[in-house]
Amino acid sequence: MILMDEYVVVIETGYKLAASTHKISATDPLPHVEANRLFLEILDGMHEDLLPAKADTTTLEVSPTEFMRIHRLMGGVVVMDRVTLTRVH
């Protein structure tokens, strides 16, 4: 019996220096093709239920399976969101 690898998309939002207001969530395990498609759709700004849109953000592609979004608030406060596609072990 061959088992298919499963993947999840982990969404971490709201990281700020010296604050504990961040949120971490993950999708249910998905086949690789489906998880990759979801990851790319989130990167393209779709699925606001998972990663709400914010004005004045910079998106940084860390790797083909991870990106960060940096948002600067008034007063110079920086908020970071991170999305990662990863295999379930």
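Rules used in this analysis
- Residues numbered from 1 in each chain as written.
- Predicted model: local features only at pLDDT ≥ 70, side-chain atom pairs only at ≥ 80, totals over all residues.
- Heavy atoms only, no water.
- Helix = DSSP H or I, 4+ residues; strand = E, 2+ residues; numbered from the N terminus.
- Contact = heavy atoms within 4.5 Å.
- Expected span 1.5 Å × (residues − 1).
- Buried < 20%, exposed > 50% of the residue type's maximum accessible area, 1.4 Å probe, protein only.
- Arc of directions from axis to C-beta.
- Pairing = 2+ DSSP bridges.

Caption draft 1: Highlighting the side chain of Thr13. Looking at the element boundaries, Thr13 is found in strand E1 (residues 6-16). Residue contacts for Thr13: discarding those within four places in its chain leaves His22, Lys23, Leu51, Met80 and Asp81.

Caption draft 2: Structural context of helix H1 (residues 32-43). Spanning twelve residues, H1 covers 16 Å between terminal C-alpha atoms, matching the ideal 16 Å at 1.5 Å per step. All of the buried residues in H1 are Ala35, Leu38, Phe39 and Ile42. The buried residues of H1 occupy one face: seen down the axis, they fall within an arc of 100°. In this structure, the buried side of H1 is in contact with E1, strand E3 (30-31), strand E5 (66-72) and strand E6 (78-87). Gly45 sits one or two positions beyond H1 and adopts a positive phi of about 90°.

Caption draft 3: Structural view of the pairing of E1. Of all eleven residues in E1, eight are buried; the element is thus mostly enclosed. When E1 meets E3, the two strands line up antiparallel, connected through two bridges. In the sheet register, Glu6 faces E3, and the bridge partner there is Pro31. Here eight bridges tie E1 to E6, and the two strands are oriented antiparallel to one another. Bridge pairing links Ile11 to Val83 in E6. Bridging between E1 and strand E2 (residues 23-26) involves four bridges; their strand directions are antiparallel.

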